Amino acid sequence: MTRDLYLAIDVGTGGLRAALVDRDGKILAICHREHDQIVPRFGWSEQRPADWWAGCIETIRDVLQRVGDAPGRVAAICACGQMHGTVLIDADGHLTRDAALLWNDKRTLEQVADFETRVPSGQYLHLTANAAAPSWPAFKLAWIAEHDPGALARAATLLMPKDYINFKLTGRRAQDWTEASMSFLMDCKTRQWSGELAKLFGLKPGLLPEIRDPVSVLGPLQARPAARVGLSAGIPVLVGAGDYPVALLGSGVVSPGMGSDITGTSSIITMIHDRPIIHPEVSNVATVADTWGSLTLLDAGGDAVRWARRAFHQDRRSYAEISDAAGRSGAGSGKLFFLPYLSGERFGSGRNSRAQFFGLSAAHGLAELHRAVLEGVAFSVRQKMGAMQGGAGRPDRIVAAGGGAKSRPWLEIKASMYDTPYLVPEEPECGVVGAGIMMASATGDADGIKAGVRRMVRYGAEIRPDPGAVATYNAMAPIYQDLYVAAQAFYNRLDALPWPCDPPCDPLQWLRPAQPGQHGTGAESKASKQQAARFPRCVRRGLRKSDIGWPDAAA
């Protein structure tokens, strides 16, 4: 029987997926199993690697049943997954902590602040190509060393989420260079672990496994897991990569001169270069294709559109209707500006930034307001693009993915805002396609990564910049920049204002669990909701699950 299918595994934050991809990049079947996200305290985020493995077994079994003769047709297996999740296993392969700290866990803020106080950026930025941040595994290890030293002492190997799945499949331990590049422990010049950084964090020798090419074969599928999922032993399992770099590959963003715009709740903008861009507000990830992605993550993104939908329409209009309304206004929204910092900023000095409209007049209506929101997000990205380009100039094209790629008016705005053509992949599951490309290359079915991209990635029609809109945005951009800078002087004063209640207090304190592990149940929850009711509805509506750390808060 011809082995013409590729089995992709995606260890996501919300669940685990398995998919079967054919030689042309077409997804034939995909299955999903949710897994819990544990929030022991406000700002903490964990998951159980055992849940990932259970979901892996279930989804592989299910997906193999959906395609004819699939078990005998699988040519290779490749996993990608959420990055930065810190998994520790001992010499026998047993977890030393039942739960792994995830990418969105913020408990390491104290460790980051301590590191920044002790170590100047000039001592590490040229090694890490990334500024210190709570997401990076190095700081998670520092927290574990302080709060759970026994787990770190028993650990023999640090793995990322997809590496743990690979270990269960093959019995072999490794990381790939995409994950390692964002660990805060890899030397970006050598793509090997940095002894200097490991020493700064007090890591014992041997904890960090070999760094491998993500497209290389880690090992064969072992007999025991093969039997559990219904496959034959010996199928090659790739080293794999982080979900984000694999999605870049699956969207065809592989060569210098290309860019990626993944707009969901936030916006991740990436430019491809031959080497990392060393800048305190630019992050860098080693790509599957042996290049570097210089990126910035902006909290301003789809969340701004979600806010406008709620604030203007009480969620009664669809996103498509809002997009259509924005399309009815001309470029520049009638000289109306929107600063989209509804949740502050992730990097830089303006982390407590706020959103605002500027230039409102009686002539403006909903169409202009909606378009200004879309344009404001694009202006915020434009501000960061200069540093990300690293002197290389504008990219030749930008590939869009995520929910924002569904809005034609928004893509037209972005193409003109950045004076760069936009493309949208026909297959939105770019991570699964990327894993398929990796397997085609590893098995010799494709003559390398770029050949796999040419065969498996297809785009819709190109969206080109409109010269008139380009001129409008070029004229508006300096005003936006001046507004952004001038507004900074007000944010600390705004923060100092009391909450609209008597006595002044923080409404979130009534909604957070009184003790770690209490998630809004029992008497404390009832009392908390009664206290929260004291606040005006406009304040209570602004509270989100992520603000309070437990799921059933009244908004």
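For the structure itself, consult the block above.
These numbers were taken from a predicted model, which means no experiment stands behind them.

Parameters and conventions
Residues numbered from 1 in each chain as written. Predicted model: local features only at pLDDT ≥ 70, side-chain atom pairs only at ≥ 80, totals over all residues. Heavy atoms only, no water. Buried < 20%, exposed > 50% of the residue type's maximum accessible area, 1.4 Å probe, protein only. Helix = DSSP H or I, 4+ residues; strand = E, 2+ residues; numbered from the N terminus. Pairing = 2+ DSSP bridges. Phe/Tyr/Trp six-rings, centres within 6.5 Å; stacked < 30°, edge-to-face > 60°. Lys NZ or Arg CZ within 6 Å of the ring centre and 35° of its normal. Core = buried A, V, L, I, M, F, W, Y, C linked by side-chain atoms within 4.5 Å. Contact = heavy atoms within 4.5 Å. Expected span 1.5 Å × (residues − 1). 1 Å grid on protein atoms, 1.4 Å probe; cavity = no way out; pocket = protein on both sides within 12 Å on 5 of 7 lines; lining within 4 Å. Points joined across faces, edges and corners; volume = space filled by probe spheres on them. Nonpolar A, V, L, I, M, F, W, Y, C, P; charged D, E, K, R; others polar.

*Asks:* How would you sum up the pairing of strand β19 (residues 292-298)? Please name residues and give values.
*Replies:* Each regular strand shows side chains that alternate between the opposite faces of the sheet. With six of seven residues buried, β19 is to be regarded as a mostly interior element. With seven bridges connecting them, strand β17 (residues 267-273) and β19 associate as antiparallel partners. Considered in β19, the bridge of S267 is made with L298. In this antiparallel pair of consecutive strands, strand β18 (residues 283-286) and β19, the connection spans five residues, and D290 shows a positive phi of 70°.

*Asks:* Mind laying out the packing of aromatic side chains, listing which residues take part and the relevant values?
*Replies:* In this structure the tally under the stated criterion is 18 aromatic pairs. Ring plane angle 45° and centroid distance 5.1 Å describe the contact between F139 and F184, whose orientation is recorded as tilted. Here F184 lies in the loop between α8 (177-181) and β10 (186-187) and F139 lies in helix α5 (residues 137-147), a separation of 45 residues in the sequence. For F139, a relative accessible area of 0% puts it in the buried group. Here the aromatic rings of W307 and F312 are separated by 5.5 Å at their centres, their planes lie at 65°, and the arrangement is edge-to-face. Residue class for F312 comes out partly exposed when judged on its relative accessible area of 27%. In textbook terms, an aromatic cluster arises when at least three aromatic residues are bridged by ring pairs, as seen for F115, Y124, F139, F184 and F201. The residue whose ring lies beneath R107 is W143, and the NZ or CZ to ring-centre distance is 4.6 Å.

*Asks:* Talk me through the nonpolar core; I want residue IDs and the actual numbers.
*Replies:* Within the largest apolar cluster, 50 residues are counted, with the highest numbers of intra-cluster contacts made by F184 and L185. Of all the elements, α5 adds the most residues to this core, at five residues. Apart from the residues within four sequence positions on either side, L185 is in contact with A138, L141, W193, S194, L197, A198, F201, L203 and L208. Judged by nonpolar contacts, the second largest core, of 45 residues, contains L369, M388, I398 and A415.

*Asks:* With reference to specific residues and values, describe helix α12 (residues 302-313).
*Replies:* Over its twelve residues, α12 runs 16 Å from end to end, which matches the ideal 16 Å to within 8%, given 1.5 Å per residue. Residues G302, D303, A304, V305, A308, R309 and H313 constitute the buried set of α12. Those residues of α12 that are buried lie in contact with β16 (258-263), α13 (319-327), β20 (337-340), α14 (366-389) and α15 (408-417).

*Asks:* Describe empty space enclosed by the protein, listing the residues and the values that go with them.
*Replies:* With the rule as written, the count across this model stands at four cavities of 30 Å³ or more. For the largest cavity, the calculated volume is near 70 Å³. In terms of lining, the largest cavity is formed by eleven residues, of which the most central are L297, L298, D299, E345 and R346. Sort the elements by how many residues they give to the lining of the largest cavity and β19 lands first, with three residues. Residues that form the lining of the largest cavity fall into these classes: five nonpolar, two polar and four charged.

*Asks:* Describe the layout of surface pockets, with residues and values.
*Replies:* The space that makes up the second largest pocket amounts to roughly 330 Å³. Forming the boundary of the second largest pocket are 16 residues, of which V305, Y319, G403, G404 and W410 lie nearest the centre. When residues of the lining of the second largest pocket are traced back to their parent elements, those giving at least two are α12 and α13. Examining the composition of the lining of the second largest pocket, we find that four residues originate from one element, α13, more than from any other.

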